[in-house]
Amino acid sequence: MKIYQHKVQYYETDKMGITHHSNYIRWMEEARTVFLEEYGWPYDKMEENGIFSPVTAVECKYKNSTTYADVIDITVSVLEFKGVKLKLRYEMKKQDGTMACEGYSEHCFLNAEGKFIRMQKEHPDLYQLLTDLIVKE
């Protein structure tokens, strides 16, 4: 994936001039959306194909503060996927390479009726893509 960049906006900071912690989760969603688009599966295409992918868990580990006008490089990687649960990792770094935040999100795959999708059987192309993208650590 190309690195997704987010420039910290003034409204994203608090009275101390530090980025409010809730924004990092928003940035994760921005980066995840671009990540899926780059691999040919934007959310609108997923929904047109009857695939809905709600967030089931999210975690952020704050390492260093960011402030207004900082440009944050965000990388997304697939940590785990077994057809039902998808776990993504996010690394957010300042331009000087300092780690600002490390985050994780977990997702499942549902159809329009809210039932779990058997991805390997029902959407083998997306299943294979996500499987191929798993980072071997």
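Right above here is the structure, for reference.
All values derive from a computational prediction rather than experimental measurement.

Criteria and thresholds
Residues numbered from 1 in each chain as written. Predicted model: local features only at pLDDT ≥ 70, side-chain atom pairs only at ≥ 80, totals over all residues. Heavy atoms only, no water. Helix = DSSP H or I, 4+ residues; strand = E, 2+ residues; numbered from the N terminus. Rg over C-alpha atoms; globule rule 2.2 N^0.38 Å. Buried < 20%, exposed > 50% of the residue type's maximum accessible area, 1.4 Å probe, protein only. Contact = heavy atoms within 4.5 Å. Areas by Shrake-Rupley, 256 points an atom, 1.4 Å probe, with all protein chains shown as cover. Patch = residues over 30% accessible without salt bridge, like charges linked within 9 Å, V, L, I, M, F, W, Y side chains within 5 Å. Salt bridge = Lys/Arg side-chain N within 4 Å of Asp/Glu carboxyl O. Lys, Arg positive; Asp, Glu negative; His and termini not counted. Charge placed at Lys NZ, Arg CZ, Asp CG, Glu CD. Pairing = 2+ DSSP bridges. Axes fitted to C-alpha atoms, helices over the stretch in contact; angles between N-to-C directions.

Asks: Provide a residue-level description of the overall build of the protein, including the pertinent values.
Replies: A tally of helices and strands in the protein yields four helices and five strands. The order of helices and strands in the protein, counted from the N terminus, is β-α-α-β-β-β-β-α-α. Scaling as 2.2 N^0.38, a compact globule of 137 residues should have a C-alpha radius of gyration of about 14 Å, and the protein matches this with 16 Å. Over its C-alpha atoms, taken along the principal directions, the protein stretches across nearly 50 × 30 × 20 Å. Across the 137 residues that make up the protein, the buried fraction comes to 38%. A fraction of 64% describes how many contacts in the protein between residues 6 or more apart in sequence connect residues 24 or more apart. Within the structure as shown, the protein displays about 7,900 Å² of accessible surface, and the carbon and sulfur contribution to it stands at 50%.

Asks: Which residues make up a negative patch on the surface, and what values do they have?
Replies: On the surface, Glu37, Glu38, Asp44, Glu47 and Glu48 cluster together to form a negatively charged patch. Contributing elements (two or more residues each) for the negative patch: α1 (22-38) and α2 (43-48). Positionally, Glu48 belongs in helix α2. For Glu48, a relative accessible area of 66% gives the class exposed.

Asks: So, the sheet that holds strand β3 (residues 71-81): which residues are in play, and what are the values?
Replies: Each strand in a sheet pairs with another by means of backbone hydrogen bonds, the pair being arranged parallel or else antiparallel. Here we have five strands laid out as an open sheet, ordered β1-β3-β4-β5-β2, and antiparallel in their pairing. Strand pairing shows two members of the sheet lacking a second neighbour, β1 (4-7) and β2 (55-62), which therefore form its edges. Each adjacent strand pair in this sheet contributes to an overall mean axis angle of 25 degrees, direction not counted. Relative to strand β5 (residues 99-108), β2 is paired through seven bridges, and the arrangement is antiparallel. Paired with Glu59 across the bridge in β5 is Tyr104. The sheet contacts of α1 involve β1, β2, β3, β4 (85-94) and β5, and relative to β2 the element is tilted by about 120 degrees.

It is worth stressing that arrangement in space is one thing and function is another; only the former is reported here.
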